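Okay, here's what each chain looks like letter by letter:
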Amino acid sequence: MRKFPFSVQILLGLVLGVALGFLARANDLAWLTSTLDTVGGLFVQLLKLAVPPLVFTAIVVSVVSLRGVANAARLALKTLLWFGITALIAVTIGIGLGLLTDPGRGVNLDPAGANAPKTTGSWIDFLTGIVPTNPIGAFVEGNVLQIVFLALVVGAAALLVGEPAEPFVQLNRAVLTIVQKALWWVIRLAPIGTLGLIGNAVASYGWDLLAPLAKFTTAVYVGCALVMFVVYPVLLVAAGRLNPLRFFAGAWPAIELAFVSRSSVGTMPVTQRSVERLGVPREYASFAVPFGATTKMDGCAAIYPALAAIFVAQVFGVHLGVTDYLLIAFVSVVGSAATAGLTGAIVMLTLTLSTLGLPLAGAGLLLAIDPILDMMRTATNVTGQAVVPTIVAAREGTLDRAAYDSAGKRDLIEPVEHERLAPVPA
């Protein structure tokens, strides 16, 4: 397999996984479905295992390496601004597609049989979720936003303390080096993980569930595709003066893994690797990518809630006016932060529905096809999480354009890349 580029290995795993998934579904092979589920689940678990120490140590080292909190604050503000800009564009596309396609018209579903999801969104979740009740809990639960918050505070404190904090900073550099080394062992298993993840998805869900909701599903996929392959490339050209093809060549392994894993957090180590390979400085990428993995969700928090809210309103016979569409846009741009301490697009959808006064039970109508929708939503999320740092770095003049132009020519797991990702000495 080492004779093939890493992205080709993942593609081969994807094709083989689809074939095995159809085989398991067509012949009702429960043992094969269970095996695929175990293989895929174990791979995502291994990736998530590395996330807490990777995020904490990388951000602490990055903040100290920035040499000044003012610079970090400026980059953070610009990152948030671009998060908002792209989210606004994405939700506008979602609303436009909803008005164009009327996804809830003619749907033969019984609303009376739908139940509200157990997990719902709330505007106070951001305030209660960003600060952990105790530091250990954030690591045990794998709450990335809380870990980012802790790392930023600790890194800033270490920066201000100076020389006395150097042993602590050196410890973080050492741990970061070890975690990165172990992590790339796991990432080498991505083709096998991809096989298990997509195979289980095909075997478990197939395409049978899509029939009653074909119009809605198509609208979600088209909306995500428009954002990924039209909006993002236009922004790369217009705002960053960058070739979009080079971007996708460098970021594609992360996008592929996001599609099959349905987890932005699980994909985060590969996303960060891809962003750094595109020439974004590691000091900035170590902050922007983990932060984006919890708050930058153009698929889950913009396109999908907009289309789903219109769908639910039409199924329940509720008329939406201009004010309602403005509320959808507001929730999509600001509300993703309110769900950052939680997980899943369903949480974001319930936040949107409750803000509009629509029945929360409407979200239950879409639960059956949620895994199929989540693949494209997550791929869109991760693409946005890679696009924004790339644009910001390009506009700041810190992007290594030579690395960007050659990103697709270098394999994600080339040994030389491991050396480039080693922590920068103080």
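A brief look at the structure comes next.

## Some details on the side chain of Thr390
- Within the fold, Thr390 resides in helix 17 (residues 370-396).
- Taking the relative accessible area as the measure of exposure, Thr390 reaches 0% and is therefore buried.

## Remarks on the state of the cysteines
- Counted according to the given criterion, the structure contains zero disulfides.
- Free of any disulfide, Cys224 has its nearest cysteine sulfur in Cys300, 8.1 Å distant.
- Assessed through its relative accessible area of 0%, Cys224 is described here as buried.

## Here's the deal with the packing of aromatic side chains
- The final tally for this structure, using the stated rule, is eight aromatic pairs.
- With 6.4 Å between their ring centres and 65 degrees between their planes, Phe248 and Trp252 make a pair best called edge-to-face. With Phe248 and Trp252 both in helix 10 (residues 244-261) and four residues apart, the pair spans about one turn of that helix.
- The exposure class assigned to Phe248 is buried, which follows from its relative accessible area of 13%.
- Note on Trp252: relative accessible area 32%, which makes it partly exposed.
- Centre to centre, the rings of Phe287 and Phe291 are 5.5 Å apart; their planes meet at 15 degrees, and the pair counts as stacked. A residue pair is termed a helical-turn pair when its members lie 3 or 4 positions apart in one helix, as Phe287 and Phe291 do in helix 12 (residues 282-295) at four residues.
- Judged by relative accessible area, which is 15%, Phe291 ranks as buried.
- Taken together through their ring pairs, the aromatic side chains of Phe229, Phe247, Phe248 and Trp252 make up a single cluster.
- Taking the ring centre of Tyr304 as reference, the NZ or CZ of Arg377 above it sits at 4.3 Å.

## Things to note about helix 6 (residues 144-161)
- Along its 18 residues, helix 6 runs 25 Å from first to last C-alpha, staying within 8% of the 26 Å computed at 1.5 Å per residue.
- Buried within helix 6 are the following residues: Val144, Leu145, Gln146, Ile147, Val148, Leu150, Ala151, Gly155 and Ala158.
- Once helix 6 ends, the next one or two residues include Gly162, with phi positive near 80 degrees.

Basis of the calculations
Residues numbered from 1 in each chain as written. Predicted model: local features only at pLDDT ≥ 70, side-chain atom pairs only at ≥ 80, totals over all residues. Heavy atoms only, no water. Helix = DSSP H or I, 4+ residues; strand = E, 2+ residues; numbered from the N terminus. Buried < 20%, exposed > 50% of the residue type's maximum accessible area, 1.4 Å probe, protein only. Disulfide = S-S within 2.5 Å. Phe/Tyr/Trp six-rings, centres within 6.5 Å; stacked < 30°, edge-to-face > 60°. Lys NZ or Arg CZ within 6 Å of the ring centre and 35° of its normal. Expected span 1.5 Å × (residues − 1).

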